Amino acid sequence: MSLPPTVASERLTLPVWTPEEAADIRAGRGRQGWHRDYPRQDDRDAATIYRPGDPWAPRHIVRGTTALGSIGFFGPPEPATDGVPEAEVGYGLVEEARGWGFATEALTALLAETDAAGVRVRASVEPTNKASIRVLAKCGFTELRGASEDGELVMARPLPAAAGG
């Protein structure tokens, strides 16, 4: 089970962070080609679990030549209670990039790859984050699993019938 180092959609590219980029993100340092508000605190938090060379690690969300946010997994897939490989995704954009469909497009592109790998995806979201809940709904996250220990809604996206087999 692997993912390509860069995933692309119509308007976006999603390259895995390099070790040097992860170090800058962890330190809160911007780079040429990154939006002035990137990295955000959530990106810095994601950098603490970055693993060099891991295709399941965080990725930039890039429009044109500008990184606007990040998307990635909290680790490689692990078998869920039903035996299906499952990974948890997280994503976020700088405020200026919200409302343009970039989060939905980035997640859709990444889900095409996880479907091909036979990996089910789940996400945890604050119940008050209506925009993110809409993104998850648009992307097929229909299974509500209750709340996490932090009070976040845990949602999962069933694998398409033809995926993984």
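The structure under discussion appears in the preceding block.
We now turn to the structure provided with this report.

Definitions and limits used
- Each chain has its residues counted from 1, running along the sequence as written.
- Where local features are concerned, this predicted model is filtered to residues with pLDDT of at least 70; where side-chain atom pairs are given and counted, the filter is 80 or more; whole-chain, interface and lining totals use all residues.
- Values reported for side chains reflect all heavy atoms of the structure, with hydrogen atoms and water molecules removed beforehand.
- The helix and strand labels rest on DSSP assignments: H or I over at least four residues marks a helix, E over at least two residues marks a strand, and numbering proceeds from the N terminus.
- Two things to know: the radius of gyration comes from C-alpha atoms, and the globule rule equals 2.2 Å times the number of residues to the power 0.38.
- Partly exposed residues are those whose accessible area sits between 20% and 50% of the maximum for their type, while under 20% is buried and over 50% is exposed, using a 1.4 Å probe and protein chains only.
- What makes two residues a contact is simply this: any of their non-hydrogen atoms within 4.5 Å.
- Here the accessible surface of atoms and residues is derived via Shrake-Rupley with a 1.4 Å probe, and residues count as covered only by protein chains that are part of the display.
- His is not counted here, nor are the chain ends, while Lys and Arg score as positive and Asp and Glu score as negative.
- Every charge is mapped to an atom, namely NZ of Lys, CZ of Arg, CG of Asp or CD of Glu.
- When two rings of Phe, Tyr or Trp (its six-membered ring) have centres within 6.5 Å they constitute a pair, described as stacked for plane angles under 30 degrees, edge-to-face for angles over 60, and tilted for the intermediate range.
- For this analysis, a polar contact is any N or O atom pair within 3.5 Å, provided that within protein one partner can donate a hydrogen and the other can accept it, and provided that sequence-adjacent residues contribute only side-chain to side-chain pairs.

### Overview of the overall build of the protein chain
Piece 1. When its secondary structure is counted, the protein chain shows four helices and nine strands.
Piece 2. Taken from N to C terminus, the helices and strands of the protein chain fall in the order β-β-α-α-β-β-β-β-α-β-α-β-β.
Piece 3. Relative to a compact globule of 165 residues, whose C-alpha radius of gyration would be 15 Å, the protein chain shows 15 Å and is just as compact.
Piece 4. When burial is assessed residue by residue, the protein chain has 45% of its 165 residues classed as buried.
Piece 5. Taking contacts inside the protein chain between residues at least 6 apart in sequence as the whole, the part at least 24 apart equals 60%.
Piece 6. Per element, the accessible surface of the protein chain, about 8400 Å² overall, is 52% carbon and sulfur.
Piece 7. Here the protein chain holds 18 positive side-chain charges and 23 negative ones, and the gap between their average locations is 4 Å.

### Some points on the packing of aromatic side chains
Each aromatic ring pair is specified by the distance between its two centres and by the angle formed by the two planes.
Piece 1. Enumeration over the complete set of coordinates arrives at three aromatic pairs.
Piece 2. Note on tryptophan 34 and tyrosine 38: the rings are 5.1 Å apart at their centroids and 65° apart in plane angle, and the pair reads as edge-to-face.

### Structural notes on the side chain of histidine 60
Piece 1. Relative to the helices and strands, histidine 60 resides in strand β3 (residues 59–63).
Piece 2. Residue histidine 60 is classed as buried on the basis of its relative accessible area of 3%.
Piece 3. Within the structure, the side chain of histidine 60 is placed 3.4 Å from the side chain of tryptophan 17, a separation counted as a polar contact.
Piece 4. Within the structure, histidine 60 has its side chain in polar contact with the side chain of tyrosine 38 (distance 2.8 Å).
Piece 5. Among all residues touching histidine 60, those that are not within four sequence positions of it are Thr13, Leu14, Pro15, Trp17, Glu21, Ile25, Trp34, Tyr38, Ala67, Gly69 and Ser70.

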